[in-house]
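Next come the chains, spelled out residue by residue.
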Amino acid sequence: MTRYRLLLQHVRTLGRYTCDEEAERVLHAVLAALGSQLTGEERCDLAAALPERARAVFASQIPLPEPVAAPAFVEAVARALNTSLTSARWDASSVLAALADSAGDPLTDRILAHLPRGYALLFGRADLTAAV
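Residues numbered from 1 in each chain as written. Predicted model: local features only at pLDDT ≥ 70, side-chain atom pairs only at ≥ 80, totals over all residues. Heavy atoms only, no water.

Colleague: Before we move on, could you go through the overall build of the chain and cite the residues and values that matter?
Modeller: Secondary structure assignment for the chain yields eight helices and zero strands. Scanning the chain from its N terminus toward the C terminus, one meets helices and strands in the order α-α-α-α-α-α-α-α. By residue count, 41% of the 132 residues in the chain fall in the buried class. With an accessible surface of roughly 7000 Å², the chain has 56% of that area assigned to carbon and sulfur atoms. Each charge class in the chain can be summarised by its mean position, and for the 13 positive and 15 negative side chains these summaries are 3 Å apart. (Helix = DSSP H or I, 4+ residues; strand = E, 2+ residues; numbered from the N terminus. Buried < 20%, exposed > 50% of the residue type's maximum accessible area, 1.4 Å probe, protein only. Areas by Shrake-Rupley, 256 points an atom, 1.4 Å probe, with all protein chains shown as cover. Lys, Arg positive; Asp, Glu negative; His and termini not counted. Charge placed at Lys NZ, Arg CZ, Asp CG, Glu CD.)

Colleague: Quick rundown of helix H2 (residues 20-35)? Include the residues and the values.
Modeller: Since the α-helix advances by 3.6 residues per turn, residues separated by three or four positions end up pointing in the same direction. Given a rise of 1.5 Å per residue, 16 residues ought to cover 22 Å, and the 22 Å separating the end C-alpha atoms of H2 matches this to within 8%. Among all positions of H2, only Asp20, Ala23, Val26, Leu27, Ala29, Val30, Leu31, Ala33, Leu34 and Gly35 are buried. Residues of H2 that are buried in the fold lie against helix H1 (3-15), helix H3 (40-49), helix H4 (52-59), helix H5 (70-81) and helix H6 (85-103). (Expected span 1.5 Å × (residues − 1). Contact = heavy atoms within 4.5 Å.)

Colleague: For the packing of H2 against H4, give the residues involved together with the corresponding values.
Modeller: Contact geometry of H2 with H4 gives a least axis separation of 7 Å together with a crossing angle of 45 degrees. Of the possible angle classes, the one that applies to H2 and H4 is oblique. Contacts between H2 and H4 pair Glu24, His28, Leu31, Ala32, Leu34 and Gly35 from the former with Arg53, Ala54, Val57 and Phe58 from the latter. A class-by-class count of the residues in the contact of H2 with H4 yields six nonpolar, two polar and two charged. (Axes fitted to C-alpha atoms, helices over the stretch in contact; angles between N-to-C directions. Parallel < 35°, antiparallel > 145°, perpendicular 65-115°, else oblique. Nonpolar A, V, L, I, M, F, W, Y, C, P; charged D, E, K, R; others polar.)

Colleague: Outline the environment of alanine 59, supporting the account with residue identities and numerical values.
Modeller: Residue placement: alanine 59 occurs in helix H4. Residue classification places alanine 59 among the partly exposed residues on the basis of a relative accessible area of 43%. Sequence separation between alanine 59 and alanine 47 is twelve residues; the distance between their C-alpha atoms is 6.8 Å.

Colleague: Could you give an account of the environment of arginine 43, naming the residues involved and the relevant values?
Modeller: When you line up the elements, arginine 43 lands in helix H3. Taking the relative accessible area as the measure of exposure, arginine 43 reaches 13% and is therefore buried. In the structure, arginine 43 is positioned 68 residues away from isoleucine 111 in sequence and 8.2 Å away in space, judged by C-alpha atoms. Filtering out sequence-adjacent residues up to four positions away, arginine 43 remains in contact with Gly35, Leu38, Phe58, Ala59, Gln61 and Pro63.

Colleague: Explain the pattern of salt bridges to me, using residue names and the numbers behind them.
Modeller: This model, assessed by the stated rule, comprises seven salt bridges. Between aspartate 20 and arginine 5 there is a salt bridge, with the nearest N and O atoms lying 2.5 Å from each other. In this pair, aspartate 20 is assigned in helix H2 and arginine 5 in helix H1, connecting sequence segments 15 residues apart. Judged by its relative accessible area of 33%, arginine 5 falls in the partly exposed class. The structure contains a network of salt bridges with shared partners spanning Arg5, Arg12 and Asp20. (Salt bridge = Lys/Arg side-chain N within 4 Å of Asp/Glu carboxyl O.)

Here's what the structure looks like:
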């Protein structure tokens, strides 16, 4: 099985999508939204970790000067998929958790450090703050 197919199956399983086409539509929408958020080494390293078809979707996006907050990211996914915010949050989490699994903890940690607070939950991680 190709790396792309494995990623697609992981997204389908996590998102409980009924068919590959639905999982692929969600995967592409979330990758496009994420591609507009990341810059620098994290962008390059994630692109290198993605299968070629997924990398093409991710890398085709021009990054914004500053990443948007997690709620705005979910809104962008909702617009791209023409769905509700609740569904978009589920879709984003399904894809980002699959990406975290395939990219590994060190790269995921770096990506999360680059993004505003609130993204950790979308990646399937706790969003903890340091005690003062």
